[in-house]
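Here's the letter readout for the chains.
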Amino acid sequence: MADQTTLDPWRAELGATLRLAAPLALANLLWMAIGTTDVIFVAMLGQRELAASSLAVTQYMLISWSLTGLTGAVAPLVAAELGRKRHAVREVRRSVRMAMWLALATGLGGIALCGLGEAFMLLTGQDPEISRHAGSFLSIIRWAIPAMVGASVLRTFVSALGKPMLATAITAMAIGINALGNWVFIFGHWGAPALGLEGSALASVITSYATLAAYGLVIAADRRLRRYRLLGNWWRSEWQRMREMIRIGLPIACIIIAEGGFFSSAAYLMGRIGAAQLAAHTVALQVAALAFQVPFGVGQAATIRVGYHYGAADREGVRLAGNAALWTAFAFSFVGAGIMLLFPRAVLSLYVDIADPANAAMIALAVQYLGVAALFQLFDGIQAVAAGALRGLQDTRMPMAIALFGYWLPGFGLSCWLGLFTPLGGLGVWIGLAAGLVVVAVLLLHRWRRREALRLLPG
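This is a predicted model, so every value here is computed, not measured. (Residues numbered from 1 in each chain as written. Predicted model: local features only at pLDDT ≥ 70, side-chain atom pairs only at ≥ 80, totals over all residues. Heavy atoms only, no water.)

1. Quick notes on the overall build of the chain
Check the secondary structure of the chain and you find 17 helices and zero strands. For the chain, the spread of C-alpha atoms along the principal axes amounts to about 60 × 50 × 35 Å. Of all 459 residues assigned to the chain, the portion counted as buried reaches 56%. Counting only contacts in the chain whose residues sit at least 6 apart along the sequence, the fraction spanning at least 24 positions is 83%. (Helix = DSSP H or I, 4+ residues; strand = E, 2+ residues; numbered from the N terminus. Buried < 20%, exposed > 50% of the residue type's maximum accessible area, 1.4 Å probe, protein only. Contact = heavy atoms within 4.5 Å.)

Given below as structure tokens:
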């Protein structure tokens, strides 16, 4: 009976985590399918176009995801407000309102930053022709940033309110819109001009605004979500809430910049090594990123579940929520790693034609990179979930320092040395990526384990 008593809270928390994490992870996978759709269509144009889109999307995603990290502070704030249960409707509305203000303001800044993209590529020694195509791509896709960041805020809101399947359904809709947009605007179907690479960028812009509109419609249509009246008093400022959001969110944005910049810099290193290495890196990274979406979804669930118990001042609930998420990510990581190790060519065939002799060199390199990616899957999952759990405790500053250290000193330092100054080339770059992830995962997990001693818990 004692064992049953001990297991029941664990099973209950594990079940709650899985019910939240499963649709979030599925939505993440579907969102990756949007990027995969872009890669598939752009790959039909040739390796140089694929390389140009890789450089452009690397910059675009780094900027937009860092801004979603800044506004992502709404997740632990909303979860804690729901856990406290005091004036939850009003407090949640205030947090979401300020997050949407922040999404608009920073989104406009992101548009301006993307305008410097081509100059930055040339500064880092990229091929001038590829940089020109990438700059043209960026000049269009950058207009999607405000909508993408705003949609991320609304996704957090519906998920924290127990409606994560709405995010899944909306993302599934976005795949269809994006695929249709690529088909129409890249190749000039249905009377549209054949824009080539720029057509893919236009499809992404249309998809982002359609996604934002869809969230607005489902929130207005759902009785539980509608009662929060997110547009009520939308002009009213809550500067204290805004400062709190920036305090929590700015380190999250820095973590994303540290990690995203780490992987983005790997693309620039590959660009210096060769076009085939860059193309192989692009495809292999798509596979690794696809596998990462499940632990990333579990980490998002951990932020909400840990944040809920944090708001309720329930220390045992915090422990159970964090550990349930860690074990879930740990179990899945073996699945992803096994698929990459055992069936690399089958996985790559989802992205490129492996039977085409023109792709032979790229495929051979991509298989090597996937072997390294399989080895770091476990650590990638641990760092995602540990960071998410610490976020639920509103602990973001030290995780930021850990990310900056781990990714850029042992990680990028090793990538540069092995990639540019040894015969390993692109494989050395990927070994450096693995080293950075291992260091960050170990340090974040250590901090989570010491949460009591570090006084991160409520009460």
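Text resumes after the structure shown.
2. What to know about the nonpolar core
The biggest cluster of nonpolar side chains holds 126 residues, and the ones touching the most others in it are Leu82, Val96, Phe157, Met245, Leu393, Trp430 and Trp448. The biggest single contributor to this core is helix 15 (residues 360-392), with 15 residues. Not counting residues up to four positions away in its chain, the partners in contact with Met245 are Leu70, Ala73, Val74, Leu77, Ser95, Met98, Ala99, Leu102 and Leu250. (Core = buried A, V, L, I, M, F, W, Y, C linked by side-chain atoms within 4.5 Å.)

3. Brief notes about the packing of aromatic side chains
Throughout the structure, instances matching the rule amount to 14 aromatic pairs. An angle of 15 degrees between the planes, with centres 5.6 Å apart, marks the rings of Phe292 and Phe296 as stacked. Residue Phe292 and its partner Phe296 are located together in helix 12 (residues 275-311), separated by four residues, close to a single helical turn. Arranged with centres 5.0 Å apart and planes meeting at 55 degrees, the rings of Trp408 and Phe412 form a pair that is tilted. Of the two residues, Trp408 and Phe412 are both situated in helix 16 (residues 397-421); the distance of four residues between them amounts to about one turn of the helix. For Arg227, the ring lying beneath its charged end belongs to Tyr228, and the centroid distance is 5.6 Å. (Phe/Tyr/Trp six-rings, centres within 6.5 Å; stacked < 30°, edge-to-face > 60°. Lys NZ or Arg CZ within 6 Å of the ring centre and 35° of its normal.)

4. Structural notes on the layout of surface pockets
In this structure, the largest pocket encloses a volume near 380 Å³. Elements supplying a minimum of two residues to the lining of the largest pocket: helix 4 (88-114), helix 9 (197-221) and helix 10 (223-226). Per-class residue counts for the lining of the largest pocket are twelve nonpolar, one polar and three charged. Size it by volume and the second largest pocket reaches roughly 310 Å³. In terms of lining, the second largest pocket is formed by 16 residues, of which the most central are Gln59, Leu62, Phe120, Ser264 and Tyr268. (1 Å grid on protein atoms, 1.4 Å probe; cavity = no way out; pocket = protein on both sides within 12 Å on 5 of 7 lines; lining within 4 Å. Points joined across faces, edges and corners; volume = space filled by probe spheres on them. Nonpolar A, V, L, I, M, F, W, Y, C, P; charged D, E, K, R; others polar.)

5. Observations regarding the confidence of the model for the chain
With 98% of its residues at a pLDDT of 70 or more, the chain shows a mean pLDDT of 89. By mean pLDDT, helix 1 (residues 2-43) is the weakest element of the chain at 82, and helix 17 (residues 426-449) is the strongest at 95. (pLDDT = per-residue confidence, 0-100.)

6. Topic: helix 12
Taking 1.5 Å as the rise per residue, helix 12 with 37 residues should run 54 Å; its terminal C-alpha atoms sit 50 Å apart, in good agreement. The largest bend in helix 12 comes to about 35 degrees, at Gln293, with the proline Pro295 one to four residues further on. When you tally the buried positions in helix 12, you get 27 out of 37 residues, the bulk of the element. Looking at the residues trailing helix 12, positive phi occurs at Ala313, about 55 degrees. (Expected span 1.5 Å × (residues − 1). Bend = angle between axes of the 7 residues up to and from the residue.)

7. Thoughts on helix 11 (residues 239-273)
When the terminal C-alpha atoms of helix 11 are compared, their 48 Å separation across 35 residues agrees well with the 51 Å that a helix rising 1.5 Å per residue should span. Along helix 11, the largest kink reaches about 30 degrees and is centred on Gly249; proline Pro251 follows within four residues of it.

8. Topic: the side chain of Ser95
With respect to the helices and strands, the residue Ser95 is situated in helix 4. Accessibility expressed as a relative area gives 0% for Ser95, which makes it buried. Reaching out from Ser95, the side chain makes a polar contact with the side chain of Glu81 at a distance of 2.9 Å. In this view, Ser95 contacts Val74, Leu77, Val78, Glu81, Arg241 and Met245; residues no more than four positions away in its chain are not counted. (Polar contact = N/O pair within 3.5 Å; in protein donor to acceptor, adjacent residues only side chain to side chain.)

9. Observations concerning the packing of helix 3 (residues 74-84) against helix 11
When two helices pack together, you describe them by how their axes are tilted relative to each other and by the distance separating the axes. It is at 9 Å that the axes of helix 3 and helix 11 come closest, and there the two elements cross at 120 degrees. Relative to helix 11, the element helix 3 lies oblique. Residue-level inspection shows Val74, Pro76, Leu77 and Glu81 of helix 3 in contact with helix 11, the latter providing Arg241, Glu244, Met245 and Ile248. Looking at the contact of helix 3 with helix 11 residue by residue, the classes come out as five nonpolar, no polar and three charged. (Axes fitted to C-alpha atoms, helices over the stretch in contact; angles between N-to-C directions. Parallel < 35°, antiparallel > 145°, perpendicular 65-115°, else oblique.)

10. Describing empty space enclosed by the protein
Any empty space left between atoms is shown by rolling a water-sized probe over those atoms. Tallied over the entire structure, the rule returns two cavities of 30 Å³ or more. Here the second largest cavity is characterised by a volume of approximately 40 Å³. Looking at the second largest cavity, the residues that line it are Ile255, Glu259, Gln383, Ala387, Pro399, Ala403, Tyr407, Val440 and Leu444. Ranked by residue count, the leading element in the lining of the second largest cavity is helix 16, at three residues. For the lining of the second largest cavity, a count of residues per class yields seven nonpolar, one polar and one charged.

11. Observations concerning the packing of helix 4 against helix 11
Two numbers describe how helix 4 lies on helix 11: the axes approach to 9 Å, and their chain directions differ by 70 degrees. By the criterion of interaxial angle, the relationship of helix 4 to helix 11 is roughly perpendicular. When the axes of helix 4 and helix 11 are compared, the crossing they make is right-handed. Taking contact as the criterion, the partners of Glu91, Arg94, Ser95, Met98, Ala99, Trp101 and Leu102 in helix 4 are, on helix 11, Trp239, Arg241, Met242, Met245 and Ile246. Here the contact of helix 4 with helix 11 is built from residues that sort into eight nonpolar, one polar and three charged. (Left-handed = near helix turned anticlockwise from the far one by under 90°.)

12. A look at the environment of Arg224
Residue placement: Arg224 occurs in helix 10. Taking C-alpha positions, Arg224 is 13 Å from Val92, a pair spaced 132 residues apart along the chain. Residue contacts for Arg224: discarding those within four places in its chain leaves Leu161, Gly162 and Lys163. Here the side chain of Arg224 touches Leu161 through a polar contact of 2.5 Å, landing on its backbone oxygen.

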